[in-house]
Amino acid sequence: MADHGADEPCSRSGNPDGEGQVCEDRSLIQQRLAISELIDTEVSYLHMLQLCAYDIRSRLQQLPQEDLDVLFSNIDDIIKVNSRFLHDLQETASREEEQVYLIGNLFLEFQEEFERVYKVYCTSYDQALLLVEAYRKEPELQQQIQDIIVTVVPQAGRSGLSFLLVIPLQRITKYPLLLQKILENTLPDASAHPVLQRATSALQDVNANINEYKMRKEVASKYTKVEQLTLRERLARINTHTLSKKTTRLSQLLKQEAGLAPKMKDKEFDDLGERFQWVCLCVTELRNNVAAYLDHLEALLRFRPHEYNLDIPEGPVVQYCNLARDLQREAFLEFKQRLESLVWRPLCSLAKALVGPQNLIKKRLGKLLDFERVEEKLLEVGSMTYEEEAARHTYQALNALLVAELPQFNQLVVQWLGQILCTFVALQGDLAKQVLQRAAGVMAQLPHRHISEPAFRKLVEDTLSQSSNQLRSFRENFEKVLPPPTTQPLLPGSERQVQSLLSRYGPGKLYQVTSNVSGTGTLDLTLPRGQIVALLHNKDTKGNSSRWLVDTGGHRGYVPAGKLQLYHVVPTEEKIRGQAGLHSVSQHLTLAPTPAPAPIPTMTQVVAAYPFVARSSHEVSLQAGQPVTIVEAQDKKGNPEWSLVEVNGQRGYVPSSFLARAPSPAPWGWSVPS
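Residues numbered from 1 in each chain as written. Predicted model: local features only at pLDDT ≥ 70, side-chain atom pairs only at ≥ 80, totals over all residues. Heavy atoms only, no water.

Engineer: Lay out the packing of helix 13 (residues 267–302) against helix 15 (residues 355–381) in plain terms, naming residues and giving numbers.
Structural biologist: At their nearest, the axes of helix 13 and helix 15 sit 12 Å apart, and the two run at 145° to each other. In the crossing of helix 13 with helix 15, the sense of the turn from one axis to the other is left-handed. Every residue of helix 15 that contacts helix 13 at Phe-269, Phe-276 and Cys-280 is listed here: Pro-357, Gln-358, Ile-361 and Arg-364. Partitioning the contact of helix 13 with helix 15 into residue classes produces five nonpolar, one polar and one charged. (Axes fitted to C-alpha atoms, helices over the stretch in contact; angles between N-to-C directions. Helix = DSSP H or I, 4+ residues; strand = E, 2+ residues; numbered from the N terminus. Left-handed = near helix turned anticlockwise from the far one by under 90°. Contact = heavy atoms within 4.5 Å. Nonpolar A, V, L, I, M, F, W, Y, C, P; charged D, E, K, R; others polar.)

Engineer: Describe the sheet that holds strand 7 (residues 627–632), and please don't skip the residues or the numbers.
Structural biologist: Taken in spatial order, the five strands line up as 9-8-7-6-10 in an open sheet, and their pairing is antiparallel. Unpaired on one side and paired on the other, strand 9 (650–655) and strand 10 (659–660) mark the two borders of the sheet. One ladder, built from two bridges, connects strand 6 (residues 605–608) with strand 10; its direction is antiparallel. Across the sheet, residue Ala-608 finds its bridge partner in strand 10, namely Leu-659. (Pairing = 2+ DSSP bridges.)

Engineer: Describe helix 7 (residues 139–152), naming the residues involved and giving the relevant values.
Structural biologist: Its 14 residues place the ends of helix 7 20 Å apart at the C-alpha level, agreeing with the 20 Å of an ideal helix rising 1.5 Å per residue. Here helix 7 has its buried residues at Leu-141, Ile-145, Gln-146, Ile-148, Ile-149 and Val-152. Angular distribution of buried residues about the axis of helix 7 spans 165°; they occupy a single face of the element. In helix 7, those exposed residues whose orientation departs by more than 90 degrees from the buried face are Pro-139, Glu-140 and Thr-151. (Expected span 1.5 Å × (residues − 1). Buried < 20%, exposed > 50% of the residue type's maximum accessible area, 1.4 Å probe, protein only. Arc of directions from axis to C-beta.)

Engineer: Summarise the packing of aromatic side chains; cite the residues concerned and give the values.
Structural biologist: Aromatic rings in a pair are described by how distant their centres are and how their planes are angled relative to each other. Under the definition given, this model contains 16 aromatic pairs. With a centroid separation of 6.5 Å and 75° between ring planes, the pair formed by Tyr-610 and Phe-658 is classed as edge-to-face. In this pair, Tyr-610 sits in the loop between strand 6 and strand 7 while Phe-658 sits in the loop between strand 9 and strand 10, placing the two residues 48 residues apart along the sequence. A ring pair is formed by Phe-612 and Trp-642, whose centres lie 6.3 Å apart and whose planes are at 70°; its orientation type is edge-to-face. Note that Phe-612 is positioned in the loop between strand 6 and strand 7 and Trp-642 in strand 8 (residues 642–647), a separation of 30 residues in sequence. The exposure class assigned to Phe-612 is buried, which follows from its relative accessible area of 2%. (Phe/Tyr/Trp six-rings, centres within 6.5 Å; stacked < 30°, edge-to-face > 60°.)

Engineer: Could you give an account of the packing of helix 3 (residues 65–72) against helix 6 (residues 111–136), naming the residues involved and the relevant values?
Structural biologist: Angle between the axes and distance between the axes are the two parameters that describe a pair of packed helices. At a minimum axis distance of 7 Å, the contact between helix 3 and helix 6 shows a crossing angle of 130°. Comparing their axes, helix 6 and helix 3 come out oblique. Facing Asp-67, Val-70, Leu-71 and Phe-72 of helix 3, the residues of helix 6 in contact are Tyr-121, Ser-124, Gln-127, Ala-128, Leu-131, Val-132 and Tyr-135. Partitioned by chemical class, the residues of the contact of helix 3 with helix 6 number eight nonpolar, two polar and one charged. (Parallel < 35°, antiparallel > 145°, perpendicular 65-115°, else oblique.)

Engineer: Describe the environment of Asn-105, listing the residues and the values that go with them.
Structural biologist: Note on placement: Asn-105 falls in helix 5 (residues 99–109). Distance in space between the C-alpha atoms of Asn-105 and Ala-199 is 7.1 Å, their sequence separation being 94 residues.

Engineer: A description of the side chain of Ser-124 should follow, citing residues and the corresponding values.
Structural biologist: Inspection of the secondary structure puts Ser-124 in helix 6. Among the polar contacts made by the side chain of Ser-124, one reaches the main-chain carbonyl oxygen of Tyr-121 at a distance of 3.1 Å. Those residues in contact with Ser-124 that sit more than four places away from it in its chain are Val-70 and Ser-73. (Polar contact = N/O pair within 3.5 Å; in protein donor to acceptor, adjacent residues only side chain to side chain.)

Engineer: So what about unusual backbone geometry? Which residues, and what values?
Structural biologist: A positive phi is found at Ser-73, a non-glycine position, where the angle reads about 45°. Here Ser-73 is to be found in the loop between helix 3 and helix 4 (75–91). The exposure class of Ser-73 is partly exposed, given its relative accessible area of 22%. Of note, the phi angle at Asn-648 is positive, near 50°, even though the residue is not glycine. Residue placement: Asn-648 occurs in the loop between strand 8 and strand 9.

Engineer: Could you give me a rundown of the nonpolar core, with the residues and numbers involved?
Structural biologist: Ranked by size, the top nonpolar core spans 64 residues in total, and within it Leu-71, Phe-107, Phe-114 and Tyr-175 carry the most contacts. Broken down by element, this core gets its largest block of residues, twelve residues, from helix 2 (residues 16–59). Sequence-distant contacts of Leu-71, defined by excluding residues within four places in its chain, comprise Leu-63, Tyr-121, Ala-128, Leu-131, Val-132, Tyr-135, Leu-161 and Leu-165. If you look at the next biggest cluster of nonpolar residues, it comprises 34 residues, including Val-219, Cys-280, Leu-401 and Leu-417. (Core = buried A, V, L, I, M, F, W, Y, C linked by side-chain atoms within 4.5 Å.)

Engineer: Residues and numbers for a nonpolar patch on the surface, please.
Structural biologist: On the surface, a nonpolar cluster with roughly 270 Å² of combined accessible area is contributed by Leu-250, Leu-253 and Leu-254. Considering the arrangement of structural elements, one finds Leu-254 in helix 12 (residues 240–257). (Patch = residues over 30% accessible without salt bridge, like charges linked within 9 Å, V, L, I, M, F, W, Y side chains within 5 Å. Areas by Shrake-Rupley, 256 points an atom, 1.4 Å probe, with all protein chains shown as cover. Salt bridge = Lys/Arg side-chain N within 4 Å of Asp/Glu carboxyl O.)

Engineer: Tell me what's going on with the pattern of salt bridges, and back it up with residues and numbers.
Structural biologist: Scanning all chains against the criterion turns up 21 salt bridges. With a closest N to O distance of 3.6 Å, Arg-338 and Asp-430 form a salt bridge. One end of the pair, Arg-338, is in helix 14 (residues 316–353); the other, Asp-430, is in helix 16 (residues 386–443), and 92 residues separate them in sequence. Taking relative accessible area as the criterion, Arg-338 reaches 31% and is therefore assigned partly exposed. Taking the shortest distance from any N to any O, the salt bridge between Arg-547 and Asp-540 comes out at 3.1 Å.

Engineer: Give me the lowdown on the pairing of strand 1 (residues 510–513), citing residues and values where you can.
Structural biologist: Here strand 1 shows a buried face lined by Leu-510 and Gln-512 and a second buried face lined by Tyr-511 and Val-513. Sheet analysis places strand 1 next to strand 2 (residues 532–537), joined by three bridges and oriented antiparallel. If you follow Gln-512 over to strand 2, its bridge partner there is Ile-532. Pairing analysis gives three bridges linking strand 1 to strand 5 (residues 564–566), with the strands arranged antiparallel. If you follow Gln-512 over to strand 5, its bridge partner there is Gln-565.

Engineer: Lay out the sheet that holds strand 1 in plain terms, naming residues and giving numbers.
Structural biologist: One open sheet accounts for five strands, arranged 4-3-2-1-5; its pairing is antiparallel. What marks the edges here is a single partner per strand, and that holds for strand 4 (556–560) and strand 5. Along the sheet, successive strands turn relative to each other by an average axial angle of 50°, direction set aside. In this structure, strand 3 (residues 547–551) lies alongside strand 4, joined through five bridges in antiparallel fashion. Opposite Arg-547, over in strand 4, you have Pro-560 as the bridge partner.

The quantities given are spatial measurements derived from coordinates; they are silent on function.
Have a look at this one:
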């Protein structure tokens, strides 16, 4: 009615110039009202955003931080952008003649920023609504949230969070309508008219792009979800539709590989995908290397040389032990904790973040095959089904999203990797400084403090060489009195059986069983450790060289080749004297693992060269390196091959060849030059 009344004077006057002037004035008034509405609503909108961000969010302490991040998303970024936009919008009022033109240009300037911040908020809006629905299922929590919101924003009413969360979406969609209203009341020949047209179209494009981005994100979120399904659950999902789809894709792929169908090439995506794979490889390799580094560091912390009894007089050794204990309990432990929190955990999070894009790229390959098949059909038939059109749009959405976001993602991952590596280097430097600081006081007390670095290096080399020579000499002396490690003493009463095998097969065919053998097959033998056998053939009937055919003097069969050791036949002293020309009626041979060792005086302290397991109550078990006291250097029959010993308060017989004197090496340690 108001508009109709305003038109009446124009129609009655009959003066075209007067009528045009009245209409122009009315349009100018409507334009001013539209501009005023734009500015006033922008002020109210920004005020509401600040209430949400600074008052309501800070009071919702009963909600976890993850929920708050989803609910309010990037509202802080929106506040920053719209604060600058409102400031510039209010400044246009000082230039009233150019205000409409300036408003159009202002929207064009903020076009990209609006799209950047609002697309993030709009994408997370659906997830925020899911949280709101979840809160409504908890009446007590819902009432607490409602009370806070009504206290800050009374006009929210019963809508509560839903009323607040939808405000940014309503604002970005209202900008084109407000601009359109200003444009409708701007004369076509005005200089501001084309600028307003471009601004209105730009804000419409912003909304369209936000909707497209939101749709792509929804498609991507569907395929980036990682589900831990069992084999049964995967099989349960198989149906005729999935089988048909997989079969069609496989057929399309085979036709492309055979050259029967064209293969689409997307160089832009191929380059991005190749760089993404390179980034994934870098993350995986670094993660594996850091994991190995942590394992080695853990092994270092388990090794505690300062707790060993080195049996060295007090002095530099005590100082070293104190320093090592201090470093292990504080410096190295603190370094490990910082390494895990500042390097390992961020690296694991980064590797986890790669899973979503990896799944998306895999899905794109399958959707690409669907897209190519649909394109072929579209060229041939000219039409497609609703399902084919949906598959076509899905591929386009996935591909556009990957092409748009993979460059930024790759760049962020590379930056993240660089920061992790820099952190790792900084931690290493801090550890080195801390170790040097802790060692400074101790190093001043060490005997080599006055030696120059070249002289100290020469001292270390000479000391290590001297220690190596001592070890080599000790080993050589030790081996001179020891039998081969795997040779076992003869079983009691086996001399006659051994002589029978010796006379029949000769010494080169005799082998000794090094450990108990339990036969499992029909032709396999069961033999005790120390049994002497004669080798018949070093392969079985199938040509397997790991099973040998042997003769025990009573039975023949197969035994594992790895449990046989060549047996050395040594004549007794009487035989040796007979061979030297001394007449002896006895031609008896005594078989032993090695030449009998020189007699060891009674009540002598020796060491066990090898472990020995007692087989009767008359024997006693030994462990390699265990101190042993010899009570009698022979058994009751005078046989020197067995000695009566005392070990840990127990007495019993052990093979004499398993005992050895430990040579006394020269004093160990460093000789500091004067």
